[in-house]
Amino acid sequence: GENVEQHPSTLSVQEGDSAVIKCTYSDSASNYFPWYKQELGKGPQLIIDIRSNVGEKKDQRIAVTLNKTAKHFSLHITETQPEDSAVYFCAASKNNAGNMLTFGGGTRLMVKP
Amino acid sequence: DVKVTQSSRYLVKRTGEKVFLECVQDMDHENMFWYRQDPGLGLRLIYFSYDVKMKEKGDIPEGYSVSREKKERFSLILESASTNQTSMYLCASCGDTEAFFGQGTRLTVV
């Protein structure tokens, strides 16, 4: 089955700096790669996703890149703010949608004011 | 505003008890999922259902069962709770695009 590895497990940055979280996947048939943000006491919420026919996608301060050949994808957050502090999860699926997601282990991002 | 609602935020149960975790979604989604979240392990799929009365095992189904009698409701059942089932449980539903999660139930088995 699919295996998703996520690094780093914790990340501390200064407010205004950039943060990068990286994931690798094992199944070349995977075609949908969402990123979820989980704030304290809440369930995960989708922040951005990318499909295998696209190499990069941006939404304001958040961007995701996908390298299908190397089977890795990354989340980039620019100009970090304290409210970006949360746990972030990457995931992969073969269904081109949020069904049957395999998740990475999560990254705890701390943005210091 | 789309919603996945889990019936309890926190539960404390004794070893050997039968435990029911309930989840309701209001998006008319066919697909519903139960995940377990543990530090460093991410979210692991326990069971899923793609239609009423249908269920499929996920990656870690041992010690769990599920019930889907109505489209909007998906229940996770711990037949005989054990301490190693202490965890955060997350329900999700999905249509053709993204998955939506509930707020989670933190279960402690003592």
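Residues numbered from 1 in each chain as written. Chains lettered and ligands numbered in written order. Predicted model: local features only at pLDDT ≥ 70, side-chain atom pairs only at ≥ 80, totals over all residues. Heavy atoms only, no water.

(A) Quick peek at the state of the cysteines. This model, assessed by the stated rule, comprises two disulfides over all chains. What pairs with Cys-23 of chain A in a disulfide is Cys-90 of chain A, and their sulfur atoms sit 1.9 Å apart. As the torsion about the S-S bond is roughly -100°, the Cys-23 of chain A-Cys-90 of chain A disulfide counts as left-handed. Here Cys-90 of chain A lies in strand 9 (residues 86-92) and Cys-23 of chain A lies in strand 3 (residues 19-25), a separation of 67 residues in the sequence. Judged on exposure class, the residue Cys-23 of chain A and its partner Cys-90 of chain A are both buried. Its sulfur unpaired, Cys-94 of chain B is 12 Å from the next cysteine sulfur, which belongs to Cys-91 of chain B. (Disulfide = S-S within 2.5 Å. Helix = DSSP H or I, 4+ residues; strand = E, 2+ residues; numbered from the N terminus. Buried < 20%, exposed > 50% of the residue type's maximum accessible area, 1.4 Å probe, protein only.)

(B) Geometry of the pairing of strand 9 of chain A. Residues and elements named next belong to chain A. The element strand 9 is largely enclosed, with a buried count of seven among its seven residues. Inspection of the sheet shows strand 4 (residues 32-38) paired to strand 9 by four bridges, in the antiparallel sense. Bridge assignment links Gln-38 to a residue of strand 9, and that residue is Val-87. Here three bridges tie strand 9 to strand 11 (residues 107-112), and the two strands are oriented antiparallel to one another. (Pairing = 2+ DSSP bridges.)

(C) Structural detail: the nonpolar core. Of all hydrophobic cores here, the largest spans 23 residues; its most connected members are Phe-33, Trp-35, Phe-73, Leu-75, Ile-77, Tyr-88 and Leu-109 of chain A. Those elements that place two or more of their residues in this core are strand 2 (10-14), strand 3, strand 4, strand 5 (45-51), strand 7 (62-67), strand 8 (72-77), strand 9 and strand 11 of chain A. Setting aside chain neighbours within four positions, we find Leu-75 of chain A in contact with Ala-19, Val-20, Ile-21, Trp-35, Ile-47, Ile-48, Ile-62, Ala-63 and Tyr-88 of chain A. Met-27, Ile-46, Tyr-64 and Phe-74 of chain B belong to the second largest nonpolar core, which has 21 residues in total. (Core = buried A, V, L, I, M, F, W, Y, C linked by side-chain atoms within 4.5 Å. Contact = heavy atoms within 4.5 Å.)

(D) Seen up close, the pattern of salt bridges. The final tally for this structure, using the stated rule, is 11 salt bridges over all chains. Glu-79 of chain B is the partner of Lys-18 of chain B in a salt bridge, and the nearest nitrogen-oxygen pair spans 3.5 Å. Taken together, the positions of Lys-18 of chain B in the loop between strand 2 (10-13) and strand 3 (19-25) and Glu-79 of chain B in the loop between strand 8 (73-78) and strand 9 (87-94) put the pair 61 residues apart, joining distant regions of the chain. A residue is classified by how much of its surface remains accessible, and Lys-18 of chain B, at 45% relative accessible area, is partly exposed. For Glu-79 of chain B, a relative accessible area of 42% gives the class partly exposed. The closest approach of N and O atoms between Lys-71 of chain B and Asp-28 of chain B, which form a salt bridge, is 3.0 Å. Residue Lys-71 of chain B is located in the loop between strand 7 (64-70) and strand 8, and its partner Asp-28 of chain B is located in the loop between strand 3 and strand 4 (31-38); the two are separated by 43 residues in the primary sequence. Residue classification places Lys-71 of chain B among the partly exposed residues on the basis of a relative accessible area of 25%. Relative accessible area serves as the criterion here: at 53%, Asp-28 of chain B is assigned to the exposed category. Through salt bridges with shared partners, a single network forms among Lys-37, Glu-39 and Lys-42 of chain A. (Salt bridge = Lys/Arg side-chain N within 4 Å of Asp/Glu carboxyl O.)

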